[in-house]
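One-letter residues, chain by chain:
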Amino acid sequence: MSEVVVVKLGGTTLAEQRQVLEEVAQVARRRPVVLVHGGGKRMTEWLERLGVQTRFENGLRVTDPAALEVAAAVLRGVVNSELVAALRDAGCDAVGLSGVDGGLLIGERLPNVGLVATVTGVRRDLIDSLLVAGQVPVVAPLARDAEGTVCNVNADDAAAGLAAGLGARQLVLMTDVDGVHDGSGRKLDSITADEAEALIADGTIGGGMVPKVKAALSALAWDGAEAIIADGSAAGALARALDDRTFGTRVSSRAHAGTA
Ligand SMILES: Nc1ncnc2c1ncn2[C@@H]1O[C@H](COP(=O)(O)OP(=O)(O)OP(=O)(O)O)[C@@H](O)[C@H]1O
Ligand SMILES: [Mg+2]
């Protein structure tokens, strides 16, 4: 397992992310960091502005060719460039790329959601060479499938695929809520695969939290790996997500249940 930490930022505005980006820059001085970003809210804004209709299916945006064009433009163009610029302002040698660049992310199309893929392969040597050069890769969630078609990837899925492919010890999924809530609205400090499945089945976990929890579980391929879902706007969010077991929700496979 590697010391690399994969951090995913959700789709809030850059202003709300300045603080966590400063933290990413700080952590990157001590250990290798790969940043993955979403952009759901920004994409909805642009899609509305351009009159392109989309809908969600189990938390995934159903993506037709017109929506994919907007997704590529907004994620790789607008959001990725903004994050790279902000990290560079924070003294971090950030480099932007999407899952298409260098064949970084290989995807497999998911049924009934159009041009949406899940990550099935990662070109690890590309990320390793950037990390060795002291750079922080900032990855936009796009991938190409086996036929070479560019697809949209849920950013949590992209981050989890990268974490699993790199053998990362920690995956942090920063979002706009303090963690996974149970049926009474209480934030859970930890959740196992079985508990997560039950909460998804009864609808307690819904919307974008469904692919997020599933992604967190899929990143736990390595023994001792952990995935944390936490509020990226909280003070000291990254340091706390990495070290404070009462902050956010730690997702563990059944084998790790009880250790959280
Ligand atoms: N049980 C739950 N606990 C916490 N949040 C939940 C739950 N069920 C649904 N949600 C919703 O999931 C949302 C987080 O997922 P969402 O996809 O909207 O954001 P994101 O993944 O951080 O951003 P992006 O999709 O842009 O990358 C929360 O804002 C909340 O409304
Ligand atoms: Mg999401």
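Residues numbered from 1 in each chain as written. Chains lettered and ligands numbered in written order. Predicted model: local features only at pLDDT ≥ 70, side-chain atom pairs only at ≥ 80, totals over all residues.

Novice: Would you mind going over the pairing of strand 13 (residues 226–231) in detail, with residue names and values included?
Specialist: Summarising burial for strand 13: six of the six residues are buried, a large majority. Burial along strand 13 is two-sided: E226, I228 and A230 and A227, I229 and D231, pointing in opposite directions, are all buried. Note that strand 11 (residues 168–175) and strand 13 share six bridges and pair parallel. When the bridges of strand 13 are listed, L173 appears paired with I229. With three bridges joining them, strand 13 and strand 14 (residues 249–252) adopt antiparallel strand pairing. Looking at strand 14, one finds that A227 is bridged to V251. (Buried ≥ 20, exposed ≤ 12 C-beta atoms within 10 Å, placed from the backbone. Helix = DSSP H or I, 4+ residues; strand = E, 2+ residues; numbered from the N terminus. Pairing = 2+ DSSP bridges.)

Novice: Outline the sheet that holds strand 5 (residues 94–98), supporting the account with residue identities and numerical values.
Specialist: Read from one edge of the open sheet, eight strands run 5-8-2-1-11-13-14-12, paired in mixed fashion. Lying at the two open borders of the sheet, with one neighbouring strand each, are strand 5 and strand 12 (190–192). The mean angle between the axes of side-by-side strands here comes to 20 degrees, regardless of whether they run parallel or antiparallel. Its contacts with the sheet place helix 7 (residues 209–218) against strand 11, strand 13 and strand 14, and it is angled at close to 170 degrees to strand 11. (Axes fitted to C-alpha atoms, helices over the stretch in contact; angles between N-to-C directions. Contact = placed C-beta atoms within 7 Å.)

Novice: How would you sum up the packing of helix 2 (residues 40–50) against helix 3 (residues 65–89)? Please name residues and give values.
Specialist: Where helix 2 contacts helix 3, the two axes come as close as 10 Å, and the packing angle between them is 130 degrees. Compared by their axis directions, helix 2 and helix 3 come out oblique. Crossing geometry of helix 2 relative to helix 3 is assigned as right-handed. Note on element contacts: helix 3 touches helix 2 through A67, V70, A71, V74, V78 and V79, opposite R42, M43, W46, L47 and L50. Looking at the contact of helix 2 with helix 3, its residues break down into ten nonpolar, no polar and one charged. (Parallel < 35°, antiparallel > 145°, perpendicular 65-115°, else oblique. Left-handed = near helix turned anticlockwise from the far one by under 90°. Nonpolar A, V, L, I, M, F, W, Y, C, P; charged D, E, K, R; others polar.)

Novice: Kindly report on the packing of helix 1 (residues 14–28) against helix 3, identifying the contributing residues and their values.
Specialist: Think of two packed helices as two axes; the pair is described by the angle between the axes and how far apart they sit. Contact geometry for helix 1 and helix 3: axes closest at 9 Å, N-to-C directions at 50 degrees. Looking at the two axes, helix 1 sits oblique to helix 3. Here the hand of the crossing between helix 1 and helix 3 comes out right-handed. The residues of helix 3 that touch helix 1, namely those facing L14, R18, L21, V24 and A25, are E82, L83, A86 and L87.

Novice: Could you give an account of the nonpolar core, naming the residues involved and the relevant values?
Specialist: A general feature of soluble globular proteins is that nonpolar side chains tend to end up buried together. Grouped together as the largest cluster of nonpolar side chains are 82 residues, with contacts concentrated most on V6, V24, L35, L87, A159, L171 and V172. Sort the elements by how many residues they give to this core and helix 3 lands first, with ten residues. If we skip the residues at most four places from it in the chain, L171 touches V6, A159, A160, A163, A216, A219 and A227. (Core = buried A, V, L, I, M, F, W, Y, C linked by C-beta atoms within 7 Å.)

Novice: Any chance you could break down the pairing of strand 1 (residues 2–9) for me, citing the residues and the numbers?
Specialist: Within a regular strand, the side chains alternate between the two sheet faces. For strand 1, a buried count of six out of eight residues is recorded, marking the element as mostly surrounded by other parts of the structure. Relative to strand 2 (residues 33–37), strand 1 is paired through five bridges, and the arrangement is parallel. Counted as the bridge partner of L9 is H37 from strand 2.

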